[in-house]
Structure formats: C-alpha cells, structure tokens
Amino acid sequence: MRSSTWTKYDFGTPIKYRGAFRDITRRKRVEDELRSVNRLQQLILDNSIIGIALVRHRRFEWVNQQAADMTGMSVEDMTGSPTRVVYTDDEQYEYLGRTAYAALRSGNSYDAVFPFMHQTRGSMWCRFVATALNPEKPEDGSIWMFEDIHERRAADIALRKSRKELESIFENSQVGIMFLRDGRFLVRANQRLAEIFGYDSPEEMENLSMRALHLTERHYRDFGEQYYSKLVLGEQTQIEYRMRKKDGSAVWCSLSGKAVDTQKTIDLDKGVIWVIEDITVRKKAEAALRLSERRFRAIFTHAGVGICTIDREGVLHRVNHRICMLMGYEEYDLLGMNVKEIIHPDDFSQDAELRHRLWIRDIPMFVREERFVRRDGKVLWGRITTTVVRADDETPQYLLEVMEDITERKRLESELVRLARTDSLTGLKNRHYFMERGNEEFERFRRYGTHMCAMLMDIDHFKNINDTYGHHLGDLVLKKLAATCENILRKTDVFGRIGGEEFAMVLVELDLDTAHEIAERIRHEVENTVVETEEGDIRFTVSIGVTDLREDDANLEKTIQRADSLMYEAKQTGRNKVVKG
C-alpha cells in the first residue's frame with residue numbers, strides 16, 4: 001500500500017512529494033493460506049466416507065455430499081428439508097427424536113442404528129452419531145454423522161468384530177491442543193487436553209505454568225533444554241513423554257510442538273503450539289496398538305488410507321506412504337507412473353471413463369471398488385474415492401484419489417459365497433447350489449431344445465459301512481466316491497451332494513443312451529474301488545437312476561424325482577446297477 005502528499009508554492013505549484021509504502025505481503029500470504037485451508041476443509045468434507053449434517057429444529061441446515069448421496073438427494077434439495085425425509089416411518093422418526101434429544105440434553109452423544117430411507121433404493125441400515133453444539137440447549141443445533149452399514153450387517157462375524165474394533169478406535173481417539181506463550185505458560189487449551197490432565201475445564205488450565213504438567217522440576221528444566229532448542233531452530237518436535245495430571249499421577253503422552261514465530265530468529269515467547277494425545281492405553285498394549293512416530297505430520301503424508309494425485313493423462317504426481325505400502329513400490333517408483341500400470345486391466349476402461357467424466361464435470365465425484373496389481377503381481381482390492389481439485393477460477397488442476405484396502409473383506413465375501421455353495425465334506429456343490437445351477441441348465445434346455453439328462457446316485461448299504469467302520473471312515477467313502485465321479489464327469493456337468501449318501505448329476509448336451517453309458521462307467525469304477533484303512537479295505541457299490549429331460553417336465557425337480565424313482569428301482573432289484581427311463 002502507498003500513501004502520499006505534495007508540498008506546493010503559494011500559487012499551487014508542487015515542489016516536493018512525500019510518500020510511504022506498507023508491506024502487505026504477509027497479509028496476502030495469510031489470505032492465500034486461508035483460501036487454501038478452506039478449499040482443503042471443503043475437500044475433506046466432500047470426500048468423507050460418512051455423511052455429515054448440521055441439524056436445527058429437526059431440519060437440515062447444512063449437509064456434505066456423502067450425506068446427500070446416502071439419501072439419493074442433491075445437497076441443495078436436502079438442505080432445508082425436514083429430517084423426516086431420512087426415516088422410513090413416523091413412528092421411527094418420533095422415537096429417534098425422543099431418545100436422541102434426551103441423550104443430547106444430558107450432555108451425551110447419541111449413537112444408534114436405524115433404517116435409513118434412500119429416495120430410490122428404499123430402506124437401508126445406517127448408523128447415526130449425534131453431538132449437540134450446546135448440550136444445555138440441544139435445540140440450538142447438533143452435528144449428525146451417518147454411516148451406511150447396510151452391507152456390513154450381513155457380513156461374517158469376523159467382519160463385525162473387525163468393524164467394532166475399528167469403530168472403537170475411531171470413537172475413542174481424541175487429541176489435546178495447547179498454546180504456550182511468555183515463558184511456557186498455558187494461554188489456551190481445548191476440552192480434550194483438560195480431560196487428559198484431569199482438569200474440569202480448559203478455563204481451569206489458563207495461565208498454568210508447564211511446571212505443573214511435569215513430574216518434577218528437573219523434568220521441567222531437562223525438557224526445556226532438550227526440546228526447546230529445536231523449536232528455536234524452527235524445527236517441529238515430536239516425542240513420547242510422561243507428564244503429570246492434576247491429581248499427581250503420570251500419563252503417557254505423544255507431543256508434537258512447533259513455534260508460532262516464522263522469522264529467521266525465532267522468539268518462543270510469541271508462542272508454541274503443542275498437540276498432545278493420551279497414549280497410556282497404547283503403551284499398555286503397544287504391540288497391538290502401536291501408532292506411527294510421525295503421527296502429526298501433514299494429513300496427506302500420514303493418513304491411514306492411500307492418497308495420490310493424478311493429472312488428466314493418468315500420471316501420478318504425488319503419493320503418500322500408505323499407498324506405496326499397499327502397492328509394494330517405493331515413492332520414487334510410483335511418481336511419474338501412469339495409473340494404467342497398476343490398475344487391473346479388466347477394471348481400467350471403466351476407471352478411465354469415470355475420470356474423464358470428472359474432468360468434464362459430468363459427475364462431481366465417484367466411489368468404486370476395483371482391483372490393482374501390486375509390484376509382486378498380487379491383486380489388491382481397493383475402495384477408491386475420486387474427486388477433482390480445481391483452482392479459484394474453477395479450472396481443474398488434478399484428481400485426488402483416496403484408497404482403502406478392502407482385499408481381506410473381498411476374500412471373506414468370496415469365502416462366504418464358497419461356503420454357502422459347497423458341501424464341506426466332499427467339496428462338491430451342496431443341494432441348494434446344485435439346484436440353482438441345474439435350473440440354469442434346465443432353462444437353457446427349455447430355451448434352445450438341447451439334450452440334457454439327470455442322474456441320481458446312492459451308496460448301497462451305507463449305514464452298514466458307518467456301523468461297521470465308524471462315521472469317520474464312512475466320510476472317506478463319500479470323499480472317494482466324489483473324487484471317482486469327478487474324474488469321469490466333464491467340467492460342464494453339474495455334480496453335487498444333495499443328501500447324506502445321495503449324489504445328483506445334470507449332464508448337459510447328452511442323450512439318454514450316452515448318459516446311461518457314463519452311469520455304467522461310474523458304477524463299474526466304483527465297484528472296483530478300494531478304500532484302504534487301518535481297519536481293513538472297504539469296498540462299496542452304488543445304485544443309479546438316469547433319465548432325460550422331457551418336453552412335459554415343468555421344472556428340474558420333476559426330472560430329479562423321476563431319476564430318484566429309477567434309482568430306488570435299481571435298489572429294489574438287486575442294487576449295484578443302473579436303471580434308465
């Protein structure tokens with residue numbers, strides 16, 4: 001800025017000019033930083049995997065993008081709407097209002113699981129977490145967080161346990177902050193800091209000397225000599241340190257400190273910011289809950305999920321440590337690499353299309369699950385949230401991607417599907433999955449008129465085998481029979497165990513005579529099979545009924561019933577035989 005004056009003759013002619021300049025560089029830098037922080041805060045809120053809303057008088061005053069997505073509404077439509085729109089019925093709406101606001105009035109957070117209404121998909125399970133802005137007057141407003149837990153309610157017990165552990169860590173992780181000035185006196189503190197050190201409120205800690213938070217006077221002096229010398233040099237100090245609570249007991253803390261003064265010669269009396277976390281529990285179980293020694297670096301560097309930035313061509317320009325670890329690369333390996341080199345080939349085209357739509361503003365962001373190929377060749381499943389970062393003039397600068405490793409969840413889901421379809425003893429299809437696959441082939445037969453046959457097989461006198469040798473050796477017989485049949489049947493045939501010693505087969509694109517030949521081959525092979533055990537060799541036979549699908553068969557069950565009747569005919573006429581019809 002500049003101000004000036006002129007000195008003039010009596011007749012008005014200027015003879016001297018005086019001016020002054022004011023340096024506003026710092027102010028401009030602060031303004032730029034504020035704009036950057038605002039953009040970053042908005043970006044974090046928009047990319048949150050949970051919905052966040054400000055509610056007053058049971059109306060949404062502000063929501064983030066995830067909250068709107070969870071309701072199937074736009075942010076604009078949801079803002080100002082009554083909270084009733086997210087509930088499935090009036091009874092639920094009134095009940096949650098009573099219970100939630102009772103908790104908020106008592107000064108507690110409200111945490112519950114309820115059905116949540118999506119505008120197009122209908123009811124979905126959601127976890128609500130609410131905190132009043134002012135517990136004494138909850139009607140002044142509250143912050144609500146919504147988490148979509150619809151899929152997790154159907155997950156395996158191990159997934160539920162893992163989720164509870166993660167939620168417990170999330171709900172209980174808090175950070176204390178204090179501002180020191182004028183010779184290590186506390187000027188400002190947050191509520192969490194007061195809780196860590198056993199004080200009733202942050203106000204009680206104002207003007208407190210740091211001597212009160214050190215175990216002894218010697219600790220206070222040694223701390224200043226050892227760590228404040230680094231602050232004078234402009235360095236950030238990160239340590240784990242035992243401190244003193246109000247009642248005199250010790251508490252383990254993780255501390256991160258930085259001088260406020262940024263001049264070349266730093267004056268610590270202008271202030272030092274300390275971020276403090278109670279790590280007592282972590283110290284008691286450090287092997288299981290060890291936290292990173294670099295906890296308090298920039299969010300991008302220390303996030304618990306993988307983060308990277310990508311240009312329009314798909315080139316990686318910035319990566320954090322987590323994504324390097326997930327992909328098995330060093331940072332210098334990933335920088336400059338195209339995402340095409342790490343995304344699974346089968347998933348790349350759709351990913352590229354979605355990224356293109358972001359650049360052209362067709363979509364604001366996208367979340368998808370896709371596969372990545374690690375450096376060692378292993379496949380990693382990731383849940384990817386992608387958004388575009390724009391300049392002040394709305395020009396797209398780069399894409400920001402957040403990756404969560406869901407490989408284990410995908411493995412467990414796949415294992416659950418396998419267990420739901422497989423007979424645990426023989427590894428064959430169980431009755432439910434056999435009928436599902438058999439009906440698919442049946443429908444194909446009905447549509448195209450191709451040949452198809454059904455076969456039902458039962459072990460002769462299997463009860464005698466169990467009674468004579470025991471059930472554990474009876475199980476060996478069942479497994480041996482399954483393996484024998486699999487060696488004869490084709491991969492296209494549907495083979496399953498549908499009862500104790502009863503097996504069924506659907507033979508595709510085969511006429512009845514050919515199916516009968518295959519059944520005879522199985523019968524003969526089984527007849528000559530020996531199960532060797534310590535109790536002696538076990539021999540067994542099977543009875544088989546074979547039939548073909550007919551035009552008047554209304555469904556597969558009708559065909560299976562006919563094969564079942566033929567099998568019992570084989571048993572009643574001597575066993576160890578095949579009857580077709």
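Since this is a predicted model, take the numbers as computed values, not measurements. (Residues numbered from 1 in each chain as written. Predicted model: local features only at pLDDT ≥ 70, side-chain atom pairs only at ≥ 80, totals over all residues. Heavy atoms only, no water.)

Asks: Quick rundown of the sheet that holds strand S8 (residues 176-181)? Include the residues and the values.
Replies: Paired through their backbone hydrogen bonds, the strands of a sheet run either parallel or antiparallel. If you trace the five strands from one edge of the open sheet to the other, you get S9-S8-S12-S11-S10, paired in antiparallel fashion. The sheet is open, and its two edges are formed by strand S9 (185-189) and strand S10 (237-244), each paired on a single side. Here the average twist between neighbouring strands, direction ignored, is 35°. Here S8 pairs with strand S12 (residues 272-278) via five bridges, running antiparallel. Each bridged residue has a counterpart across the sheet, and for glycine 176 the counterpart in S12 is isoleucine 276. The sheet contacts of helix H8 (residues 217-232) involve S8, S10, strand S11 (250-259) and S12, and relative to S10 the element is tilted by about 165°. (Pairing = 2+ DSSP bridges. Helix = DSSP H or I, 4+ residues; strand = E, 2+ residues; numbered from the N terminus. Axes fitted to C-alpha atoms, helices over the stretch in contact; angles between N-to-C directions. Contact = heavy atoms within 4.5 Å.)

Asks: Let's hear about the sheet that holds strand S5 (residues 110-118): which residues, and what values?
Replies: Spatially, S4-S3-S7-S6-S5 is the arrangement adopted by the five strands of the open sheet, whose pairing is antiparallel. Each of the sheet's edge strands pairs with one partner strand only, and the pair in question is strand S4 (59-63) and S5. When strand polarity is set aside, the average angle formed by the axes of neighbouring strands in this sheet is 35°. Pairing analysis gives seven bridges linking strand S6 (residues 122-132) to strand S7 (residues 142-148), with the strands arranged antiparallel.

Asks: Could you give an account of the packing of helix H18 (residues 471-488) against helix H19 (residues 512-527), naming the residues involved and the relevant values?
Replies: Where H18 meets H19, the axes come as close as 10 Å, and the angle between the chain directions of the two elements is 140°. When the axis of H18 is compared with that of H19, the two are oblique. Crossing angle aside, the handedness with which H18 passes H19 is right-handed. Counting all contacts with H18, which are made through Leu481, Thr484, Cys485 and Ile488, the residues of H19 involved are Ile518, Arg521, Ile522, Glu525 and Val526. (Parallel < 35°, antiparallel > 145°, perpendicular 65-115°, else oblique. Left-handed = near helix turned anticlockwise from the far one by under 90°.)

Asks: Can you break down a nonpolar patch on the surface residue by residue, with the values?
Replies: Together, Val175, Ile177, Val260 and Ile273 make up an exposed nonpolar region whose accessible area comes to about 270 Å². Relative to the helices and strands, isoleucine 273 resides in strand S12. Among the residues examined, isoleucine 273 registers a relative accessible area of 33% and is labelled partly exposed. (Patch = residues over 30% accessible without salt bridge, like charges linked within 9 Å, V, L, I, M, F, W, Y side chains within 5 Å. Areas by Shrake-Rupley, 256 points an atom, 1.4 Å probe, with all protein chains shown as cover. Salt bridge = Lys/Arg side-chain N within 4 Å of Asp/Glu carboxyl O. Buried < 20%, exposed > 50% of the residue type's maximum accessible area, 1.4 Å probe, protein only.)

Asks: Can you lay out the nonpolar core for me, pointing to particular residues and giving the numbers?
Replies: Counting residues in each nonpolar core, the largest one holds 33 residues, and the members touching the most others are Met457, Ile459, Leu481, Ile522 and Ile544. Of all the secondary structure elements, the ones that give two or more residues to this core are strand S18 (452-459), helix H17 (462-469), H18, strand S20 (502-508), H19 and strand S23 (542-548). Sequence-distant contacts of leucine 481, defined by excluding residues within four places in its chain, comprise Met457, Ile459, Phe503, Val526, Phe540 and Val542. (Core = buried A, V, L, I, M, F, W, Y, C linked by side-chain atoms within 4.5 Å.)

Asks: Just give me the short version of the pattern of salt bridges, but keep the residues and values in it.
Replies: Summed over the entire model, instances satisfying the criterion amount to 35 salt bridges. Aspartate 467 is the salt-bridge partner of lysine 463, the closest N and O atoms lying 2.8 Å from each other. Of this pair, lysine 463 and aspartate 467 both sit in helix H17, four residues apart, which is roughly one turn of that helix. Among the residues examined, aspartate 467 registers a relative accessible area of 52% and is labelled exposed. With a shortest N-O distance of 3.0 Å, glutamate 520 and arginine 523 are connected by a salt bridge. Here glutamate 520 and its partner arginine 523 are both found in helix H19, three residues apart, which amounts to about one turn of the helix. Within this structure, Arg437, Glu440, Glu441, Arg444 and Glu509 form a network of salt bridges that share partners.

Asks: Quick one: what's the story with the packing of aromatic side chains, residue by residue and with numbers?
Replies: A full pass over the atoms with the stated rule returns 14 aromatic pairs. On the numbers, 6.1 Å between centres and 35° between planes, the contact of phenylalanine 495 with phenylalanine 503 is tilted. Residues phenylalanine 495 and phenylalanine 503 agree in their burial class; the two are buried. The rings of Phe60, Tyr87, Tyr93, Tyr110, Phe116, Phe128, Trp144 and Phe146 are connected pair by pair, giving a single aromatic cluster. Against the face of tyrosine 228 rests arginine 184, its NZ or CZ located 4.8 Å from the ring centre. Here the guanidinium or amino end of lysine 410 rests over the ring plane of tryptophan 381, the centre of that ring lying 4.5 Å away. (Phe/Tyr/Trp six-rings, centres within 6.5 Å; stacked < 30°, edge-to-face > 60°. Lys NZ or Arg CZ within 6 Å of the ring centre and 35° of its normal.)

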